[in-house]
Amino acid sequence: MKKRLDEIFVHCSRSLYFYPLLLKNKKDDTRQCFVDDRGLDVTTIKDGFSILTIIELFGDLNGAKVFFKLDMLVDCCQIRVKLEEVCKKTFQSPIEKYEYFIIAFGSTNATSTHQAPTYGVLHPFSRKFMFICCHDILGYSESREYHVKQLSLVLQIVMENELVPTKSNWVAGNGSSEYLGHVVISQGLRLVPTKVAGIQLWPTPTSVKEVWQELSRVHGTKLVDISKDGQTREHALLVFTLGVKKMTCCCNKMDATTLKYSKARYDEIVKEGDNMIERSTNLDWYRGFTLLEALDQINEPKRPLDKPLRLPLQDVYKIGGNGTIPVGRVETGVLKLGIVVIFGPSGLTTEVKSVEMHHESLPKALPGENVRFDVKNVVVKDLKHGFISSNSKDDPAKEAANFTSQVNVIDHHG
């Protein structure tokens, strides 16, 4: 705390309100401060800054063999809080109450804000030979020759912009690198062994809600055996709740009790492909489809293009230079560039300036597509999650006297 006071990052506060202070141990034997200001985060408008995930890195490696990693000092990424907002960041330490002059880690939008200085000077190289997440940088090259050139270029730009990497986390010229809880190698990604050991100690989930929590914790990077006997019924109910009305089930591991990780049995299965393309004599009692036949039975669902536009809002963002960005999934109809949409139930109307999906501009969005669209002369607070957007000139959404709905209870404690 003395260091923060000397750097004028905090000062003493006389506020009647405050948040508790938490400390987290880091790998370099230092401690990092976190303010538990979740109450403030609830009322803070979330920004729309895109932060890539570790999964997106997998496709960018393209056989890279040499890696470097830089971790910028936190101090170089500190951003001043507006003077009138400083009092909202008061926290209680064991000694005194203090106010942050800078955006502290753990606050809403802090990660994207801290990433901005580093990303701002290095973004031309992002996803070309570099991956940037907050102030952690991973570089990847196909050869040592390219590696030296790229690292030299990055260090030159870093020094010109007065960014400072930490010495303890500086790695260069290696055939692998630990990054965001993963070990990155030329073949792809794998979890850090210590984290795998920690995951194995997690309790087995016993409800759909806990399954969701488990999956969100591993971020899709770990194949999870949910329980000893599986939870097919709960999974089926879950996908049904999400809107999947028909699915094809492929049954495997029918001989799992005798497999016992046998390489001979693995090689046998590879050659057989039991009941996948041709009917198997081992299943002469089975009268259903083979896997290939089942896939041939799947018909593409008809998109409800003939119905009026209905797009429920999932979220609303404010992005500098773009304005207000509603995000949602087109349920029916077509969202076209230039149409005037009306948001229910408020009745607010505005023109659609652009339509994007996966960072690509589109002339229109069809049913089933999750898109973001820019609108004119609308502020974020005027739109809320759950609002329905429709075409103001083609049967716009109206107030209903009654409606029929389906409610799925997937977790009940009563």
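Note that this is a predicted model, so its numbers are computed, not measured. (Residues numbered from 1 in each chain as written. Predicted model: local features only at pLDDT ≥ 70, side-chain atom pairs only at ≥ 80, totals over all residues. Heavy atoms only, no water.)

**A short note on the overall build of the protein**
So, point 1. Within the protein, the secondary structure is distributed over eleven helices and 21 strands.
So, point 2. For the protein, buried positions account for 34% of its 414 residues.
So, point 3. Residue pairs in contact within the protein that sit at least 24 positions apart in sequence constitute 63% of those at least 6 positions apart.
So, point 4. When the accessible surface of the protein is totalled, it reaches about 27,000 Å², and 56% of it is carbon and sulfur. (Helix = DSSP H or I, 4+ residues; strand = E, 2+ residues; numbered from the N terminus. Buried < 20%, exposed > 50% of the residue type's maximum accessible area, 1.4 Å probe, protein only. Contact = heavy atoms within 4.5 Å. Areas by Shrake-Rupley, 256 points an atom, 1.4 Å probe, with all protein chains shown as cover.)

**Details of the environment of Ala172**
So, point 1. Looking at the element boundaries, Ala172 is found in strand S9 (residues 171-174).
So, point 2. In this structure, the C-alpha to C-alpha distance between Ala172 and Val148, residues 24 residues apart in sequence, is 9.1 Å.
So, point 3. Look past the residues within four positions of Ala172 in its chain and what remains in contact with it is Phe67, Phe68, His147 and Leu151.

**Considering the environment of Lys128**
So, point 1. The topology assignment puts Lys128 in the loop between helix H4 (110-122) and strand S7 (130-133).
So, point 2. Judged by its relative accessible area of 64%, Lys128 falls in the exposed class.
So, point 3. Through-space distance from the C-alpha of Lys128 to that of Tyr140 is 8.8 Å; in sequence the pair is twelve residues apart.
So, point 4. A polar atom in the side chain of Lys128 sits 3.3 Å from the backbone oxygen of Pro124. (Polar contact = N/O pair within 3.5 Å; in protein donor to acceptor, adjacent residues only side chain to side chain.)

**A few points about the confidence of the model for the protein**
So, point 1. Residue-level pLDDT values for the protein average 76, and 71% of them are 70 or greater.
So, point 2. Here helix H7 (residues 208-218) stands out as the element of the protein with the lowest mean pLDDT, 55, in contrast to strand S21 (residues 388-391), whose mean of 95 is the highest. (pLDDT = per-residue confidence, 0-100.)

**So, the environment of Val184**
So, point 1. In this fold, Val184 is placed in strand S11 (residues 182-185).
So, point 2. The buried category is assigned to Val184, whose relative accessible area is 0%.
So, point 3. For the pair formed by Val184 and Leu61, sequence separation is 123 residues and the distance between their alpha carbons is 9.1 Å.

**Here we look at unusual backbone geometry**
So, point 1. In this structure, the amide linkage connecting Gly344 to the following residue, Pro345, adopts the cis form with an omega of 10°.
So, point 2. Looking at the element boundaries, Pro345 is found in the loop between strand S16 (340-344) and strand S17 (348-357).
So, point 3. In this model, Asp395 sits at a positive phi of 50°, which is unusual for a non-glycine residue.
So, point 4. Checked against the element boundaries, Asp395 lands in the segment after S21.

**Considerations on the pairing of strand S14 (residues 323-329)**
Two faces, one strand: in a regular strand the side chains alternate between the faces of the sheet.
So, point 1. Within S14, six of the seven residues are buried, which leaves it mostly tucked inside the rest of the structure.
So, point 2. Where strand S13 (residues 311-319) meets S14, six bridges bridge the pair, whose relative direction is antiparallel. When the bridges of S14 are listed, Lys318 appears paired with Thr324. (Pairing = 2+ DSSP bridges.)

**Considering a nonpolar patch on the surface**
So, point 1. A cluster of nonpolar side chains, namely Met276, Ile277, Leu292, Leu295 and Ile298, defines an oily patch on the protein surface of about 480 Å² accessible area.
So, point 2. Mapped onto the elements, Met276 comes out in the loop between helix H10 (263-272) and helix H11 (291-296).
So, point 3. Its relative accessible area of 39% is what places Met276 among the partly exposed residues. (Patch = residues over 30% accessible without salt bridge, like charges linked within 9 Å, V, L, I, M, F, W, Y side chains within 5 Å. Salt bridge = Lys/Arg side-chain N within 4 Å of Asp/Glu carboxyl O.)

**Some remarks on the sheet that holds strand S3 (residues 31-35)**
So, point 1. Ordered by their spatial adjacency, five strands build an open sheet running S1-S6-S5-S2-S3, and the pairing between neighbours is mixed. Because the sheet does not close on itself, it has two edges, and the strands there are strand S1 (10-12) and S3. For this sheet, the mean angle separating the axes of adjacent strands, direction not counted, is 40°.
So, point 2. Across three bridges, S1 lies against strand S6 (residues 97-100) in antiparallel orientation. Paired with Cys12 across the bridge in S6 is Tyr98. (Axes fitted to C-alpha atoms, helices over the stretch in contact; angles between N-to-C directions.)

**Observations concerning the pattern of salt bridges**
So, point 1. Counted according to the given criterion, the structure contains six salt bridges.
So, point 2. The shortest N-O distance in the salt bridge between Glu145 and Lys149 comes to 3.7 Å. Linking Glu145 with Lys149, this pair stays in helix H5 (residues 144-160), spanning four residues, or about one helical turn.
So, point 3. On the basis of relative accessibility, which here comes to 53%, the residue Lys149 falls in the exposed class.
So, point 4. Ionic pairing is found between Arg372 and Glu356, a salt bridge with its closest N-O pair at 3.8 Å. Here the residue Arg372 occupies a position in strand S20 (residues 370-375), and Glu356 occupies one in strand S17, the gap between them amounting to 16 residues.
So, point 5. Since its relative accessible area comes to 21%, Arg372 is described here as partly exposed.
So, point 6. Taken together, the salt bridges that share partners define one network made up of Glu356, Arg372 and Asp374.

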